[in-house]
Amino acid sequence: MENQASWLRRAADAIEAILTHRRFPIVVAILSAIAMLPALTGGWQLDDYFQRITLLGHGDARPIDTFIQYIDRAHNLKQMDSGTLPWWASLDLHQAFLRYASTLTMMLDYRLWPNHPALMHLHSLLWLSAAVLVAALLYREVLGATWIAGLAALMYAMDGAHAVPAEYLANRNALIACCFGFLSLLAFVRWRKLGDRRTRWLSVLMLALSLSAGEMGLATAAYLFSYALTVDRDAIRARLMRLLPHGGVLVAWALIYKLGNFGSQGSGFYLDPLHNPLGFAVSFCQRAAFLLMGQWTPIPAEMSMAYAPSSSAALHMSLFSFAIAAIVAVLFIPLIVRDRVARFWGLGVLLSLIPIGAVGPENRLLGFVGLGSMALLAQLTQALCEGSYVAPRVWTGFAWAATLVLLLIHLIAAPLLGIARIDYQANVSSRMDRAMASVPSDPPIASQDLVLINPPDHIYLVTAIWAVKHLENLPMPRHLRALSSGGPLEVTRVGPRSLRVRFLSGFFPTAFSRFVRSQNDRFSPGQHFELPGLSIVVESLDAQGDPERVLYEFPVPLEDSSLRWMRWQDGAYVPWSPPALGHTEKLPAESGIFG
């Protein structure tokens, strides 16, 4: 027993020596990139095709406006006419994101190696390493050169939430926003400790750069405010006054955002707190719970979008996410009550959920949430090991069990989950490539309307047709016409030129299918939409106020050679023929590229 205890002490001392080594931040920075090396083979994926069009100078947008997607009614109507936006999209749909610092890095890629995605991914991995390095230095500054800081840095470096930003070029902005945001926090903490005013102004500058990289940079302000509120010691007025320069940057950013017409409107996926504060508040609690589930468990936050919003599976997922949030709160309350540094991390985590709560919940958004979460878990581990976790015996026993499980998840399972996520993302991309290859590119298609009866996703299975065919210099259909947004359908031929489609599981069967239409943009019975070569009438609504039956009428018989009919089946588009007059055909729900 004595030998065993001696061996355990030596092992613990060796681990502590590694975690506290002065070069350990560099080690974890390199490890984070090594863990994500499979991202180098990711190629171009999903939104990368849309951004590639802009960055190569095609289309009607400037490369610097890569993150400005939907502008105004005139622009939206033009896209509806061509079919890159569906007929049901909100006319007021607007998505313009202020991410110029991130865009400049992408423009650099396209100047240096426009046809080599592996080098673009390597560029992203460098940003990941830089963000992890700064996070590790920040942990040391706040927690001291201790094994706790080293453990937090190691867990953050291995966090599987880095997988998508590392592999998905369109999401590099998350890594850049985190890197500059962490630098702002590090400079601020050093200013408060050492009194060097230069680091104060460096903090202000880094905040500005974080905000210019992406809206996620707002979480930097969340941690700055949290530090001033919980760690600083003097009068509250003095603490807040120190943040005035940072506040000035936030005000300037908000003015640029408003005057530049940035933001999101008309989408059911993006919610702008300024345009729709009530809708944002209603959705925030649920989205925050899903994000916490994604941070603390192996179940990613995006699983919340895998089910129909009104289904029992969606309800069970929602209840599970709230249960996880409650368990996490119970676990950390004794620590947060007694430790002001833990309060800093905890409040920073909660406040950093607010900006990302404006987007459908996904693990790729958790860069700032993970920063505080890993520090809290490291501090909890220390408190339990040293016996300073003050709680009833049962509570302490639960904390020990939960902490061991969480350490296993974030030290061992997390990097494996990250690799699995990279593989899943690559599979999604290959499914989209297969779908695009199944779209006809023969010369006659250029004079035909491609009518897609049941695409399960419009953005990546309809809009993407234009981007991919354009990049490959292949013939494009005259118009794209999607008749549904997924789910099972009942299609009835009611006339030589018309079809009636009934939506058996709702017009919007998933949360993502509402991407281009807000819940606040209501339909009405008898509502009429007119597109070139197609007339649409919403005949009746379901209990949710969405179309239940829609009449589609064409100016020519449905068998006319100017119409090319296809349906989605088994992961590809296949030819389809409308039923005979008076007949009905049922089309089952089909999985999209996300499975």
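Residues numbered from 1 in each chain as written. Predicted model: local features only at pLDDT ≥ 70, side-chain atom pairs only at ≥ 80, totals over all residues. Heavy atoms only, no water.

The next thing to look at is the pairing of strand β5 (residues 479–482). A two-sided burial pattern is seen for β5, the buried positions comprising His479 and Arg481 on one face and Leu480 and Ala482 on the other. Both strand β4 (residues 449–452) and β5 contribute to a ladder of four bridges, which runs parallel. By the bridge assignment for β5, Leu452 is matched with Ala482. Assessed by its sense of winding, the connection that carries the chain from β4 through helix α19 (residues 459–471) to β5 is right-handed. (Buried < 20%, exposed > 50% of the residue type's maximum accessible area, 1.4 Å probe, protein only. Helix = DSSP H or I, 4+ residues; strand = E, 2+ residues; numbered from the N terminus. Pairing = 2+ DSSP bridges. Right-handed = clockwise from strand over helix to strand, strands pointing away.)

Read across the open sheet, the three strands follow the order β1-β2-β3; overall the sheet is antiparallel. Each edge of the open sheet carries a strand with a single partner, namely β1 (68–70) and β3 (263–265). Going from strand to strand, the sheet's axes swing by 10 degrees on average, the running direction of each strand aside. The pairing of β1 with strand β2 (residues 94–96) spans two bridges and is antiparallel. Its bridge partner lying in β2, Tyr70 is registered against Gln95. (Axes fitted to C-alpha atoms, helices over the stretch in contact; angles between N-to-C directions.)

What follows covers the packing of helix α5 (residues 100–112) against helix α9 (residues 172–194). For any two helices packed against each other, the geometry is given by the interaxial angle and the distance between the axes. Between α5 and α9, the shortest axis-to-axis distance is 9 Å and the interhelical angle comes to 125 degrees. The angle between α5 and α9 falls in the class oblique. Pair α5 / α9 crosses with right-handed handedness. Touching Ser102, Thr105, Met106 and Asp109 of α5 are Arg172, Asn173 and Ile176, all from α9. Class assignment of the residues belonging to the contact of α5 with α9 gives a composition of two nonpolar, three polar and two charged. (Parallel < 35°, antiparallel > 145°, perpendicular 65-115°, else oblique. Left-handed = near helix turned anticlockwise from the far one by under 90°. Contact = heavy atoms within 4.5 Å. Nonpolar A, V, L, I, M, F, W, Y, C, P; charged D, E, K, R; others polar.)

The next thing to look at is the packing of aromatic side chains. Under the criterion given, the structure shown has 37 aromatic pairs. With centroids separated by 5.4 Å and ring planes inclined at 45 degrees, the aromatic side chains of Trp296 and Phe332 adopt a geometry described as tilted. Linking Trp296 in helix α14 (residues 277–296) with Phe332 in helix α15 (residues 312–338), this pair joins segments that are 36 residues apart in sequence. We note that Trp296, like Phe332, is buried. For the pair Tyr460 and Phe594, a centre-to-centre distance of 5.9 Å together with 65 degrees between the ring planes defines the contact as edge-to-face. You can see Tyr460 sitting in helix α19 and its partner Phe594 sitting in the segment after β13 (584–587), a full 134 residues away along the chain. Take Tyr460: its relative accessible area is 8%, and that puts it in the buried class. Three or more aromatic residues joined by ring pairs make a cluster, and in this case those are Phe50, Phe97, Phe269, Tyr270, Tyr460, Phe512, Phe515 and Phe594. The aromatic ring of Phe97 is capped on one face by Arg99, whose charged end is 4.4 Å from the ring centroid. (Phe/Tyr/Trp six-rings, centres within 6.5 Å; stacked < 30°, edge-to-face > 60°. Lys NZ or Arg CZ within 6 Å of the ring centre and 35° of its normal.)

The next thing to look at is the nonpolar core. One finds Trp87, Tyr139, Trp345, Leu371 and Tyr552 to be the most contacted residues of the largest nonpolar core, which totals 179 residues. Every residue in contact with Tyr552, bar those within four places of it in the chain, is listed here: Trp87, Leu483, Ser484, Arg497, Ser498, Leu499, Val501, Phe503, Leu534, Ser535 and Ile536. (Core = buried A, V, L, I, M, F, W, Y, C linked by side-chain atoms within 4.5 Å.)

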